[in-house]
Each structure stands twice: as structure tokens, then as C-alpha cells.
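Here are the chains, one letter per residue:
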Amino acid sequence: MASELIRIPILQIEDFLVASIQIALHDRSAVQFRDDLLERIYGTKAKGLIIDLTAVDIVDSFIGRLIGDVAEMAALMGSRVVVSGLQPAVAITLTELGLDLPGVITALNLEKGIAILRGLVRQEEDTEGARP
Amino acid sequence: MSLTFAELLARNKEGIVQELARLVKEKAGPTYATVPLEQLLPRMAVVFDAMHQAISQQVPQAWEEFVETTVRRRVGERYALEEIQALISMLRDIVLRYLQAAYAEEPGQQIACILQMEDLAHRARQRAFEVYLRHYEEKTERQQRVLAELSTPVIQVHENILVVPLVGAIDTERARRVMEELLLGITAYQAELVIIDITGVPVVDTAVANHLMQTIKAARLLGAQSILVGISGEVAQTLVHLQIDLSGVVTRSNLQAGIEYALERMGLEISPKGEELSAEAMEEASESGDSRSQRGQEVSGWPAN
């Protein structure tokens, strides 16, 4: 029996997108989530994206890799990705799997994640502004 | 028709209990020696009754249970295992002597009774041994738990800054615990910087370095940056020789440098109390004697009044 396809809501706050995962993702839902995210980034020209994993207590290699992939793809589309609220157990699993998400910025919680994104965006604007 | 084993015991109860109590008091060991004879007598009578019941009703299991509960109580009262074993042997010896005398004419009956007594004594020794073993196992486990808690302290030195001082050899088990405690500490304190101090770690090999890197990576996934401090010259040599890649990890020579770096990252610094403060303290001191202004006075070396 095919598992029910679940779509994760993606919210927009200012220039940033926020997606909070509250459930254990099946592979199919996860792929759908990735596609939705990239589409939204393309559609909104968001400068940053926060994936909040506070409520996630189990992550497998597929989801771990997918998060890394999303970060890379989003970077190609000009958006920074912050992963926030990883649980200790999840972090241990990911490092044991060798998926330590090198290209991803991490934050303790959603609030700090937004603060980091704001800082990054401001930095980029400053350097761009200084160029001409 | 001669007496059965149980009848023989019942008839000689007084004598057996008396002799056992006296013998135990004299020879079983230091703890029994401190117990007055009047207290030992009823206790030995209880032992005798349990044995008698086991023999008359053919229930050695009940005897085992009796031994177990009694010995467990004695463990708590700090009786040594040797003392318990001595008591069991004494009881066995006394009973065997009675058997020898009573069944001198009936070797078949004698052997059957001796075997029965030996069986009970054997069961009792076995049970006593198990109780003691379990007791010490539990004790060791408890101590290991305490030691484990002591060996992985996570200390908050400032808002957002944790220090994890590691002392002693690190094996896989301990590395795992350090990682867990550290990650839990990060989420509990919402810390952004973690200073891992390995001054007290005598040997850093590939395994330890690998554990450290894993911990640092996991901490980063939570959103906390790690600072590795206290790498001695020797450890630095080993790390380079083993070609362990610590790039991407901030390292500082000692804990002080680590804390300074961490504070700087948070936009803070430790600075001496300057002129400004003493002026402020003077002002405050003239108005009220609160603790802060008093501290200011001490620092700037003014007379207390």
C-alpha cells in the first residue's frame, strides 16, 4: 500500500521561507517537499530558507542527504539555507551516517535561524552596494 | 523402627541450636562475635526451623528462599560472605555428627540423610554466594554510573558559552557519553559556543580524534560552534603524525584563550574595572551602601569607610 502523500506547508516571512517539519517524512513526501521548496524559492525569489526540524526525532540517510541536496540546490538559486532545531539524537545519527551537512548553516532554534539569515543577507547587500 | 531424619532433628533441636550459636559466636567471624549470645540463639533457632521444615516437608526450594532473604538482610548489615559460609558449614558439621551417632547401625539410612543434609548445605552456600555477587555487581554498577556522571561535566561559563573539560582516557563508551551530554547541554542552555578542553586527556590517538571530530560535527548540526583547547605539544605531534585533519575546527592553546575567543565571538570582553566604574562607585557609595558599590571600593583600594 502506498503511503499517503503529505505536503509540508511552506510559509513566507519577509524575504525568507520557513518550513517546519512536524512529522516523520516518508521518502515520497520528502521528494515532494524538496520539489515544493525549490518551486517556492523560484516563485518568490526568497533570499533565505529555514528548515525547522525541532519536532523531528528520527532521520534516515535518505532524508539527511535530501536536506544537504536542497541546501546545495537552493544555493544555486541564490537562496541561503539554515537548518534549525536539530535534536541531539538526530545530530548523532547524521554524523554517524557521515552526513554532517557541510554546506548547510545550522541554528539552535527558529529565532536564531532568522537572525543568522538576516545577518547574511545584510552582509551580501553591503558587499553588493559597495561594488559600484 | 528408628527415627526419621526430621524426627531426629526435632528431638535434638535444643542441643543443635545451642551448639551452633556458641560455635558461630566464637568462630564464624568478627561480625558474629559482636552479637550477644542471647540474640544469636533465637536467630539460630529460626535457621534450624527453616532447615527442619525443608527436611520434614521435602521442600528444599523453601529453604533456598529462606537463605536468600536472610542473607540479603545480612549483606545490608555488613556481614562478610565468609561468615555466612562458615555458619552454613558449622550447621552441616553439627547435623552430620548427630547423624553419625544416630544411624551407626543403619548405613543406608545414614547415607541418605547425609546426602540430604549436604544438598541443603550446598544449596545454601550457592544462594549466599549468588546474593553477595549480585549485591556487589549492583554496587559496582551504581559507582560506575556516578563516575560516568562525574566524568562528563558540561559547565555554562557565560550565557551561550559552555565548557566541557575532559580529564582522563577517552574510550568509545565515554566518547559516546560525552557527545550525548554535550548535545543535551547545548539544547538545554541554548549555547552557541562550546569549548572542549582536552588538557587532561593523556593520549590522543586516531580513535579519540575521530570521536572528537564526530562530536564537533554533531554540535555544529545543532547550531553550536566548537572550540578545541588544551592541545599539548605532544598531542599536536601525534595529530600531525597521524595526519588527522582538524581543519575547520577552531583551536586555541588553553582554556583562557578559548574563553577569550568565545567572548569575542559574542561581542564581549573581559576588561579590568576602570576609572569610570570607580567614579560611579564613589557616587553610589555616598548615597547607599549596596554590595555593588562596596565591591567597587575594594577593587579601587579605597578605605572601607
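Read on for a plain summary of the structure. (Residues numbered from 1 in each chain as written. Chains lettered and ligands numbered in written order. Predicted model: local features only at pLDDT ≥ 70, side-chain atom pairs only at ≥ 80, totals over all residues.)

## Here we look at the overall build of chain A
Moving on, step 1. When helices and strands are counted, chain A shows four helices and five strands.
Moving on, step 2. Sequence-ordered secondary structure for chain A, helices as α and strands as β, is β-β-α-β-α-β-α-β-α.
Moving on, step 3. The buried share of chain A, taken over its 132 residues, is 38%.
Moving on, step 4. Partitioning the contacts of chain A with sequence separation of at least 6, the portion at a separation of at least 24 is 79%. (Helix = DSSP H or I, 4+ residues; strand = E, 2+ residues; numbered from the N terminus. Buried ≥ 20, exposed ≤ 12 C-beta atoms within 10 Å, placed from the backbone. Contact = placed C-beta atoms within 7 Å.)

## Re unusual backbone geometry
Moving on, step 1. In this structure, Lys45 of chain A is a non-glycine residue whose phi angle is positive, near 55°.
Moving on, step 2. Relative to the elements of secondary structure, Lys45 of chain A occurs in the loop between α1 (27-44) and β3 (48-52).

## Considering the sheet that holds strand β1 (residues 155-158) of chain B
Residue and element names in this part refer to chain B.
Moving on, step 1. With mixed pairing, the five strands of this open sheet are ordered in space as β1-β2-β3-β4-β5. The open sheet has two free edges, formed respectively by β1 and β5 (250-252), since each of these has just one partner strand. The average angle at which neighbouring strand axes cross in this sheet is 30°, direction not considered.
Moving on, step 2. Pairing between strand β3 (residues 193-200) and strand β4 (residues 225-229): five bridges, direction parallel. Within β4, the residue paired with Ile195 across the bridge is Ile227.
Moving on, step 3. Docked against the sheet, helix α8 (residues 172-189) engages β1, β2 (161-167) and β3, running at close to 165° with respect to β2.
Moving on, step 4. Against the sheet, helix α11 (residues 255-265) makes contact with β1, β2, β3, β4 and β5, and its axis sits at roughly 175° relative to β3, the strand it touches most. (Pairing = 2+ DSSP bridges. Axes fitted to C-alpha atoms, helices over the stretch in contact; angles between N-to-C directions.)

## Brief notes about the sheet that holds β3 of chain A
All names here are of chain A.
Moving on, step 1. With mixed pairing, the five strands of this open sheet are ordered in space as β1-β2-β3-β4-β5. Each of the sheet's edge strands pairs with one partner strand only, and the pair in question is β1 (10-13) and β5 (105-107). The sheet shows a mean angle of 25° between the axes of neighbouring strands, direction not considered.
Moving on, step 2. The pairing of strand β4 (residues 80-84) with β5 spans three bridges and is classified as parallel. Among the inter-strand pairings, Val82 is bridged to a residue of β5, identified as Ile105.

## Quick look at the pairing of β1 of chain B
Residues and elements named next belong to chain B.
Moving on, step 1. Here β1 runs beside β2; their pairing, made up of three bridges, is antiparallel. Bridging from a neighbouring strand, Ile155 pairs with Val163 of β2.
Moving on, step 2. The hairpin formed by β1 and β2 contains two residues between the paired strands, and Asn160 there has a positive phi angle of roughly 80°.

## What to know about the interface of chain B and chain A
Moving on, step 1. Contacts between the two partners involve 15 residues from chain B, matched on the other side by 14 residues from chain A.
Moving on, step 2. Mapped onto the side of chain B that touches chain A, the elements with two or more residues apiece are α8 and α9 (206-222) of chain B.
Moving on, step 3. For the side of chain B that touches chain A, the element with the highest residue contribution is α9 of chain B, accounting for six residues.
Moving on, step 4. A breakdown of the residues in the side of chain B that touches chain A according to their chemical character gives seven nonpolar, four polar and four charged. (Nonpolar A, V, L, I, M, F, W, Y, C, P; charged D, E, K, R; others polar.)

## Focus: the packing of helix α6 (residues 81-102) of chain B against helix α7 (residues 107-151) of chain B
Residue and element names in this part refer to chain B.
Moving on, step 1. At their nearest, the axes of α6 and α7 sit 10 Å apart, and the two run at 175° to each other. As far as their axial angle goes, α7 and α6 are roughly antiparallel. Here Leu81, Ile84, Gln85, Ile88, Arg92, Val95, Leu96 and Leu99 of α6 lie close against α7, whose contacting residues are Gln110, Cys113, Ile114, Met117, Ala121, Ala124, Arg125, Ala128, Phe129 and Tyr132. (Parallel < 35°, antiparallel > 145°, perpendicular 65-115°, else oblique.)

## Quick look at the packing of helix α5 (residues 60-76) of chain B against α7 of chain B
Residue and element names in this part refer to chain B.
Moving on, step 1. One can describe the packing of α5 onto α7 by two numbers: an axis separation of 9 Å at closest approach and a directional angle of 40°. As the angle between them shows, α5 and α7 are arranged oblique. Between α5 and α7 lies a crossing of right-handed hand. Contact residues: α5 offers Pro60, Trp63, Glu64, Val67, Glu68, Val71, Arg72 and Val75, while α7 offers Asp119, Leu120, Arg123, Ala124, Arg127, Ala128, Val131, Tyr132 and His135.
Moving on, step 2. Grouping the amino acids of the contact of α5 with α7 by side-chain chemistry returns 10 nonpolar, one polar and six charged. (Left-handed = near helix turned anticlockwise from the far one by under 90°.)

## Details of the nonpolar core
Moving on, step 1. By size, the foremost hydrophobic cluster in this structure holds 69 residues, and its most contacted members are Leu49 of chain A together with Val194 and Ile195 of chain B.
Moving on, step 2. What Ile195 of chain B contacts, discounting residues up to four positions off in sequence, is Ile161, Leu162, Val163, Ile227, Val229, Leu255, Gly258, Ile259 and Ala262 of chain B.
Moving on, step 3. Membership of the second largest hydrophobic core comes to 35 residues, among which are Ile16, Leu20, Ala28 and Leu120 of chain B. (Core = buried A, V, L, I, M, F, W, Y, C linked by C-beta atoms within 7 Å.)

## Here we look at the pairing of β1 of chain A
All names here are of chain A.
Moving on, step 1. Where β1 meets strand β2 (residues 16-20), four bridges bridge the pair, whose relative direction is antiparallel. For Leu11, the partnering residue across the bridge sits in β2 and is Val18.
Moving on, step 2. Counted between consecutive antiparallel strands, the loop separating β1 from β2 contains two residues, among which Glu14 sits at a positive phi close to 50°.

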